[in-house]
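Reading the structure
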Amino acid sequence: LGRHQLDSGGMSPLAFRRVRGDTPRQSPCSVLLVAQAERPSRAAITRAVELADGAPIAVLGLLKIHGYAMGMPNPGLMPTHKEREASLKLVSTVVSAIEKAGSEVDGQVTATRNPTKAITKVARSRGVAHVVIDRRPASRLRRTLEGDVATALRRRLRGAEVVVIETGPPPG
């Protein structure tokens, strides 16, 4: 990340962008914080820092690829430029907040059709003990149609604790 740091101490958006051919981050960390809400939750950041207890933290931003797995690739189903920029900004904000709390942290953004598989892959490759999910509350219908990520993660990551922090107003 050193080559992408700004002189003012902030991080450039390039710090989180993976160049094609680069290997994904695989350095071990204690906590994986999955940022899915529009605004980072203070409670999720605090909980991640508490669980890490001085160990490194990884922040993961998810971009949704719409459509279904058997469909033809279509650029219209990929995340838009605005969605990418919003996700980079969210991860950058969370990384800055965790650094202010005094923990070692890095961030990455990934685009996926299946968030559970992406989180599982990152969690296993980084060897995390805790996964903290920062998300908006979902209605029962949405959880039924899309599935509950936390339940699926608990099933896939048997050795890791999954903590869900829901922020924002309940669905109406």
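Rules used throughout
- Residues numbered from 1 in each chain as written.
- Predicted model: local features only at pLDDT ≥ 70, side-chain atom pairs only at ≥ 80, totals over all residues.
- Heavy atoms only, no water.
- Helix = DSSP H or I, 4+ residues; strand = E, 2+ residues; numbered from the N terminus.
- Buried < 20%, exposed > 50% of the residue type's maximum accessible area, 1.4 Å probe, protein only.
- Areas by Shrake-Rupley, 256 points an atom, 1.4 Å probe, with all protein chains shown as cover.
- Expected span 1.5 Å × (residues − 1).
- Contact = heavy atoms within 4.5 Å.
- Axes fitted to C-alpha atoms, helices over the stretch in contact; angles between N-to-C directions.
- Parallel < 35°, antiparallel > 145°, perpendicular 65-115°, else oblique.
- Left-handed = near helix turned anticlockwise from the far one by under 90°.
- Nonpolar A, V, L, I, M, F, W, Y, C, P; charged D, E, K, R; others polar.
- Pairing = 2+ DSSP bridges.

A few words on the overall build of the protein chain. From N to C terminus, the protein chain includes five helices and five strands. For the protein chain, buried positions account for 39% of its 172 residues. Within the structure as shown, the protein chain displays about 10,500 Å² of accessible surface, and the carbon and sulfur contribution to it stands at 52%.

Between its first and last C-alpha atoms helix H3 (residues 115-126) spans 16 Å; for 12 residues at 1.5 Å apiece the expected length is 16 Å, and the two agree. Buried within H3 are the following residues: Thr116, Ala118, Ile119, Thr120, Val122, Ala123 and Arg126. Where H3 is buried, its residues meet strand S1 (31-35), strand S2 (57-64), strand S3 (105-112), strand S4 (130-135) and helix H5 (149-156).

Okay, the packing of H3 against H5 next. Two elements in contact, H3 and H5, have axes whose closest approach is 10 Å; the angle formed by their N-to-C orientations is 40°. One element, H3, and the other, H5, form an angle in the oblique class. Seen from above, H3 lies across H5 with right-handed handedness. In this structure, H3 contributes Thr116, Lys117, Ile119, Thr120 and Arg124 to the contact, and H5 contributes Val149, Ala152, Leu153 and Arg156. Looking at the contact of H3 with H5 residue by residue, the classes come out as four nonpolar, two polar and three charged.

Time to look at the pairing of S4. Consecutive side chains of a regular strand alternate in pointing toward one face of the sheet and then the other. Taking burial as the measure, the six residues of S4 include six buried ones, the bulk of the element. Judged by which residues are buried, S4 turns out to be covered on both faces: His130, Val132 and Asp134 on one side and Val131, Ile133 and Arg135 on the other are all buried. Taken together, the five bridges between S1 and S4 define a ladder with parallel strand orientation. Each bridged residue has a counterpart across the sheet, and for Leu32 the counterpart in S4 is Val131. In this sheet, strand S5 (residues 161-166) lies alongside S4 in parallel orientation, the contact comprising six bridges. Across the sheet, residue His130 finds its bridge partner in S5, namely Glu161.

No statement about biological role is implied by the geometric values presented.
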